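In case you want the letters, here they are:
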Amino acid sequence: MVGGYWFYLFFSVVPNFQTEDFMVPATSFVYDQNGQPVCQLHGPQHRIPLPLSRIPNHLQLAIIAAEDVRFFEHPGFDLYAIFRAIKTNYVAGEILEGASTIPQQLVKNLYLGPEKTWTRKFREIHLAYHLDHQLGKERILELYLNQIYFGQGAYGVESAARTYFAKPVKDLTLAECALLAGIPKNPGRYTPVCSMPAAIDRRNTVLDQMYAYRFITNDQWVAARQEPVRLNPEPPAREQPYPFPFFIDEILREAIEIHHLPEEKLFGGGLHIYTTLDRRVQSLAEELFLTGDYFPAPTTNRAVEAALACIDPYTGNVKAIVGGRSYVTRRGFNRATMMRRSPGSALKPLAVYAPAIEQGWQPDSLLPDEPLNFRGYQPKNYDGVYRGQVTIRQAIRQSINIPAVWLLDRIGVHRAVATLQALEIPVTNNDAHLSLALGGIEQGVSPLQLATGYGTLANEGTLVPTRAIIQVYDQNGQPLLKPAVKNQIFSPATAKVMTEMLQDTVMYGTAREAQLNRPVAGKTGTAELPALPMFEGIQGNRDAWFVGYTPELVTAVWMGYDYTDRENYLHRIYGGTYPARLFRAFMEQALAEIEPRACNEAEQN
């Protein structure tokens, strides 16, 4: 009976779609931490609309292969994909997979909210079915190809072709079409600017799909997979559409990836977005990056890159984000949030020493510092010196490797992995090995993630999820975001002990260049060049980090090259040199107008 009623509604209630429905009519507004307007977000974005007849058939088929392979067969929704999703979601006990077709993606971005419920999914299918019948396949595909986001500020296929390949879409090769088609699934991951290996893997997956469904021949498939990627050597510069561009980019990333707000709502939904932007702190961070005083002099035609992330550990509010030495393009690669690099020894306090203190180890507990063989793994100290025995305090202060690995072996690598996961550091069971003590993780971390982890130590062991957005209100004044949930990771006693030892590191150890006119805790981190043939005979580093904190602010600084090779690597640059100096310069000014916070104030926030 109920099923019949729903069946009746599905076919009898016919929405009347108009082309105007898919335009972006309402401007959204962004506000700083004091509620003052910062900028407006409005459409159209960087987009060059084209009729479907001017978009190559290979690109159309590549998008279909990547996003909705039965597009021309289904009536707006894909029953096969729906049943697959139902099975997945039933097993998981929640809605994880949506089975959205291209028509469904169009209607949910325009008419539906980000919530994942069966009722919303039914409405999505209902609207997609009627959209498919009213507009037809070609018009839907045309709208979709001109709307989707391809990263690097490019909306629609024509803009994407010019941005990545410096040519109009009509001149793209099959391989280039497949590369573009793979980006919309996750622009922050699959653009060749963010990760060339990930972009090529994704391109080849699209080509495999095209070949499997006979969209291309075997010869075309083989040739396209072997074709090298030839990117635009000089990406087009675009006028910055807003102030504090790195911070605004992070707001957009958080809104889309964390809060699941559709782009069309952000740029045309009339939203009011209240953020954590501190104009003074963000401005001084940007100004420091414009001067060369805190960066090593270039030895080739490529400068050392850098990134900085600063948060308030008690609230989780992002205070400053700088994603590079210069801002290149709207929503481009932000090293402070999107980069993943080995943190080196900066991971030791979070992965090894804090969990050990939590287990009952003491700062004066003795650890071995001698050449050891851990079931075939033989780590070395960075300075080649072995001291026989050292305390935990001394091991942290001087960043000695052997004691950290030995202690991780005692407390258990799986405990370390679980702790890092609770700290929102991106590790998996594949990282459950002893080199984890020295920062050896598959994905690496971003400066913002590392700052979040250390914020737990600054906040008496409590993790407050990092945020750049306080709240988003729709056109009717209704809030769209749920409050963040805090998580007690370490006891306050452990956090206090760790802070005291990390203060020693700044006063007497490897982080002396980070000293301020007040107590500050911190840790250096340096990742050496990998043991690859291309680096044979070279001694140097790939990444240099410093992360430090006071009760008021936590700041993580990274320096390195986007692409490390024999000519471009860090020579005699460690976490305790330029990164620590930049940290000190930033924190001295950032803290100048911030009232000191008592250590027990965490309980009041």
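The shown structure was predicted, so the numbers you read here are calculated from the model rather than taken from an experiment. Residue positions are given per chain, counting from 1 as you read along its sequence in written order. Residues qualify for local features only when their pLDDT is at least 70, as the model is predicted, and side-chain atom pairs are given and counted only at 80 or more; totals for whole chains, interfaces and linings, by contrast, use all residues. Side-chain metrics in this entry use all non-hydrogen atoms of the structure; hydrogen atoms and water are not considered.

1. Things to note about the overall build of the chain
For clarity, the cut-off: Runs of E in the DSSP output that reach at least two residues are strands. Runs of H or I that reach at least four are helices, and both are numbered from the N terminus. Throughout this description, buried means an accessible area under 20% of the type-specific maximum (1.4 Å probe, protein chains only), exposed means over 50%, and partly exposed covers the range between. Residues are treated as being in contact if the distance between any of their heavy atoms lies within 4.5 Å.
Helix and strand content of the chain: 21 helices and 13 strands. Burial status across the chain gives 54% buried among its 605 residues. Considering only residue pairs separated by 6 or more positions, the chain has 71% of its internal contacts joining residues 24 or more positions apart.

2. Quick look at the sheet that holds strand E13 (residues 554-560)
Formally: In this analysis, strands are considered paired if DSSP registers two or more bridges between them. Structural elements are reduced to axes, namely lines fitted to C-alpha atoms, with helices fitted over the stretch in contact, and the angle between N-to-C directions of any two is expressed from 0 to 180 degrees.
Strand order in the open sheet formed by 5 strands is E5-E4-E13-E12-E11, with antiparallel pairing between adjacent strands. The open sheet has two free edges, formed respectively by strand E5 (318-322) and strand E11 (521-528), since each of these has just one partner strand. Each neighbouring strand pair of the sheet contributes to a mean axis angle of 10°, computed without reference to strand direction. For strand E12 (residues 541-549) and E13, the ladder comprises 7 bridges, and the chain directions are antiparallel. Across the sheet, the residue bridging to Tyr549 is Val554, located in E13.

3. Considerations on the environment of Ala309
Inspection of the secondary structure assignment puts Ala309 in strand E4 (residues 305-311). A residue is classified by how much of its surface remains accessible, and Ala309, at 0% relative accessible area, is buried. C-alpha of Ala309 to C-alpha of Gln282: the two residues are 27 residues apart in sequence and 9.9 Å apart in space.

4. Observations regarding the packing of aromatic side chains
Geometry of an aromatic ring pair is reported as the spacing of the ring centres plus the angle between the planes. Filter applied, for reference: Stacked, tilted and edge-to-face are the three classes assigned to paired rings of Phe, Tyr and Trp, where Trp is represented by its six-membered ring and a pair needs centres within 6.5 Å; plane angles under 30 degrees give stacked, over 60 edge-to-face, the rest tilted. Any Lys NZ or Arg CZ that is within 6 Å of a ring centre and within 35 degrees of that ring's normal is treated as a charge sitting over the ring.
Scanning the model with the defined rule gives 12 aromatic pairs in all. Measuring from centroid to centroid gives 5.4 Å for Phe289 and Phe295, while their planes differ by 65°, and the two rings are edge-to-face. Residue Phe289 shares its accessibility class with Phe295, and that shared class is buried. Judged by centre distance (6.0 Å) and plane angle (85°), the ring pair of Trp361 and Trp406 falls under edge-to-face. Taken together, the residues Trp361 in the loop between helix H15 (348-359) and strand E6 (366-369) and Trp406 in helix H17 (residues 401-411) connect sequence positions 45 residues apart. Owing to a relative accessible area of 16%, Trp406 belongs among the buried residues under this scheme. For Arg202, the ring lying beneath its charged end belongs to Tyr190, and the centroid distance is 5.6 Å. Between Arg325 and the ring centre of Phe295, over which it is positioned, the NZ or CZ distance is 4.0 Å.

5. Let's talk about empty space enclosed by the protein
Stated formally: Think of a 1 Å grid over the protein atoms and nothing else: a 1.4 Å probe that fits but is trapped marks a cavity, an open set flanked by protein within 12 Å on at least five of seven lines marks a pocket, and residues with an atom within 4 Å of a point count as lining. Grid points are joined across faces, edges and corners, and a volume is the space filled by probe spheres set on the points. Throughout this entry, Asp, Glu, Lys and Arg are counted as charged residues, while Ala, Val, Leu, Ile, Met, Phe, Trp, Tyr, Cys and Pro are counted as nonpolar. The remaining residues, Gly among them, count as polar.
Following the criterion strictly, the structure yields 2 cavities of 30 Å³ or more and no others. Contributing to the lining of the second largest cavity are Phe165, Ala175, Glu176, Leu179, Arg203, Glu227, Pro228 and Val229. If you tally residues by element for the lining of the second largest cavity, the top one is helix H8 (residues 174-182), at 3 residues. Residues of the lining of the second largest cavity, tallied by class, amount to 5 nonpolar, no polar and 3 charged.

6. Overview of the packing of H15 against helix H18 (residues 413-422)
Our working definition: In what follows, roughly perpendicular refers to angles from 65 to 115 degrees, roughly parallel to angles under 35, roughly antiparallel to angles over 145, and oblique to any angle outside these ranges.
At their nearest, the axes of H15 and H18 sit 9 Å apart, and the two run at 105° to each other. The angle between the axes of H15 and H18 places the two elements in the roughly perpendicular class. Within the contact between the two elements, H15 uses Leu350, Ala351, Pro355, Glu358 and Gln359 and H18 uses Arg415, Ala416, Thr419 and Leu420. Looking at side-chain class alone, the contact of H15 with H18 contains 5 nonpolar, 2 polar and 2 charged residues.

7. A closer look at the pattern of salt bridges
Stated formally: What makes a salt bridge here is a side-chain nitrogen of Lys or Arg within 4 Å of a carboxyl oxygen of Asp or Glu, nothing more.
For the structure on display, the rule yields 24 salt bridges. For the salt bridge of Asp504 with Arg393, the shortest nitrogen-to-oxygen distance reads 2.9 Å. Here Asp504 is found in helix H20 (residues 492-508), whereas its partner Arg393 is found in helix H16 (residues 392-397), with 111 residues between them in sequence. One continuous salt-bridge network, built from bridges that share partners, spans Glu250, Arg253 and Glu257.

8. Side note on H8
Every α-helix winds through 3.6 residues per turn, so residues three or four apart in the chain are directed the same way. Summarising burial for H8: 9 of the 9 residues are buried, a large majority. Here H8 has its buried residues at Leu174, Ala175, Glu176, Cys177, Ala178, Leu179, Leu180, Ala181 and Gly182. Against the buried residues of H8 lie helix H2 (57-67), helix H7 (157-165), helix H9 (187-190), helix H10 (196-212) and helix H11 (218-226).

9. Overview of the confidence of the model for the chain
Cut-off, in case you're wondering: Confidence of the predictor at the level of single residues is captured by pLDDT, which takes values from 0 to 100.
Residues of the chain with pLDDT of at least 70 account for 86%, and the chain-wide mean is 86. This stretch, residues 94-98, has a pLDDT under 50; its non-local contacts, to residues over four places away or in other chains, come to 12 contacts. Low pLDDT, under 50, characterises residues 600-605; the predicted model gives this stretch 8 contacts beyond four residues in sequence or across chains.

10. Side note on the sheet that holds strand E9 (residues 469-473)
Taken in spatial order, the 4 strands make up an open sheet running E2-E1-E3-E9, and their pairing is mixed. The open sheet has two edge strands, strand E2 (37-41) and E9, and neither has a second partner. Averaged over all pairs of adjacent strands, the angle between their axes in this sheet comes to 20°, without regard to strand direction.

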